[in-house]
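Working through the structure, step by step
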Amino acid sequence: MRRLAILMIPILAMTANCSGPIETRIQTQAASPLPAQKQYSFSTEPEQNNETYEKARTLVAEALSAQNFTATENAPTMVHIALAERPASIAMTVGEKADVDIISLPKKRKPLQSCKDSEHRLTLKMIDTASGSVIYSGTAAEYHCKGSLEQSLPYLIDGALSDLGNGPNPIPKEQVRSRTGIE
């Protein structure tokens, strides 16, 4: 019996690496006050053309509706959504040579991890259609070994919109939320 228990430890350790805390890394910034008319529209041509993106648009519309925003044509606010899924072992940077900003460092694999991680990322921007200035921006990202981007959407959207309506702030707000689920 004791021998069986000792043999089970590595098996339990391997399965524990596939379900654990999932961290949603969030960055939000309200650059200016929200318009008095809480009306928005999505671009007429979707930025991406796939089922996951359409689901993201639907979930964003529901989240905005819960905050008393109304979807209308020719609204004063345009909402843009970008979705990305990439190997987590690759860093994301912007800029060139000496002026490079790191958006996301590469993620190292956990010991005994059985699959490669992917990063699921959602970026949302609300833009004043008259001036073209960004009113609000939110980005949320998670690492997953087995979970799909579609499964991550509700958490990414909730994170990206988490600071909407809290007033302008010139400094981006960063936070990390943890939950359990399929990593």
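As the structure is a prediction and not an experimental result, all values here were calculated from the model. (Residues numbered from 1 in each chain as written. Predicted model: local features only at pLDDT ≥ 70, side-chain atom pairs only at ≥ 80, totals over all residues. Heavy atoms only, no water.)

**Things to note about the confidence of the model for the protein**
Going by this rule: Every residue gets a pLDDT, meaning the predictor's confidence in that residue, from 0 to 100. Two residues form a contact once any of their heavy atoms are found within 4.5 Å.
Averaged over all residues, the pLDDT of the protein equals 84, while 80% of them reach at least 70. The model gives residues 10-18 a pLDDT under 50, and that stretch makes 12 contacts with residues more than four places away or in other chains.

**Here's the deal with the packing of aromatic side chains**
Aromatic rings in a pair are described by how distant their centres are and how their planes are angled relative to each other. What counts is decided by this rule: In this analysis, rings of Phe, Tyr and Trp, with Trp reduced to its six-membered ring, are considered paired at centre separations within 6.5 Å, and the interplanar angle assigns stacked below 30 degrees, edge-to-face beyond 60, and tilted for intermediate values. The rule for a charge over a ring is simple: NZ of Lys or CZ of Arg within 6 Å of the ring centre, and within 35 degrees of the ring normal.
Scanning all chains against the criterion turns up one aromatic pair. Centre to centre, the rings of Tyr40 and Phe42 are 5.5 Å apart; their planes meet at 80°, and the pair counts as edge-to-face. The positively charged end of Arg25 is found above the aromatic ring belonging to Tyr143, 4.1 Å away from the centroid. It is Arg179 that lies over the ring of Tyr155; its NZ or CZ is 3.4 Å from the centre.

**Overview of the side chain of His144**
Heads up, the condition is: In this description a helix means any DSSP run of H or I spanning at least four residues, a strand means any run of E spanning at least two, and both kinds are numbered starting from the N terminus. With a 1.4 Å probe rolled over the protein chains alone, any residue whose accessible area is under 20% of its type maximum counts as buried; one over 50% counts as exposed, and the rest are partly exposed. The term polar contact refers here to a pair of N or O atoms within 3.5 Å; inside protein, the definition further demands a hydrogen-donor-capable atom paired with an acceptor-capable atom, and it admits residues adjacent in sequence only when both atoms are side-chain atoms.
Inspection of the secondary structure assignment puts His144 in strand 8 (residues 134-144). The buried category is assigned to His144, whose relative accessible area is 2%. A polar contact of 2.6 Å, which involves the side chain of His144, links it to the side chain of Glu142.

**Examining unusual backbone geometry**
Backbone geometry at Asn68 places phi at a positive 70°, although glycine is not the residue there. Structurally, Asn68 can be placed in the loop between helix 2 (51-66) and strand 3 (70-71). Despite not being glycine, Asn74 shows a phi value in the positive range, around 55°. As for its placement among the helices and strands, Asn74 is situated in the loop between strand 3 and strand 4 (77-87).

**What about the pattern of salt bridges?**
Our working rule: Throughout this description, the term salt bridge denotes a Lys or Arg side-chain nitrogen within 4 Å of a carboxyl oxygen of Asp or Glu.
Tallying each qualifying case throughout the model produces seven salt bridges. The salt bridge involving Glu119 is made with Arg86; its shortest N-O contact spans 2.9 Å. Residue Glu119 is located in strand 7 (residues 118-128), and its partner Arg86 is located in strand 4; the two are separated by 33 residues in the primary sequence. Judged by its relative accessible area of 1%, Glu119 is buried.

**Notes on the nonpolar core**
What counts here: We define the nonpolar core as a collection of buried residues of types Ala, Val, Leu, Ile, Met, Phe, Trp, Tyr and Cys that are connected through side-chain atoms lying within 4.5 Å of one another.
Grouped together as the largest cluster of nonpolar side chains are 24 residues, with contacts concentrated most on Val60, Leu64, Val79, Ile81, Leu122, Leu124 and Met126. Among the elements that line this core, the one with the most residues is helix 3 (residues 149-160), at five residues. Non-local contacts of Val79, meaning those with residues more than four positions away in its chain, are made with Tyr40, Ser41, Phe42, Ser43, Glu47, Val60, Leu64, Leu124, Lys125 and Met126.

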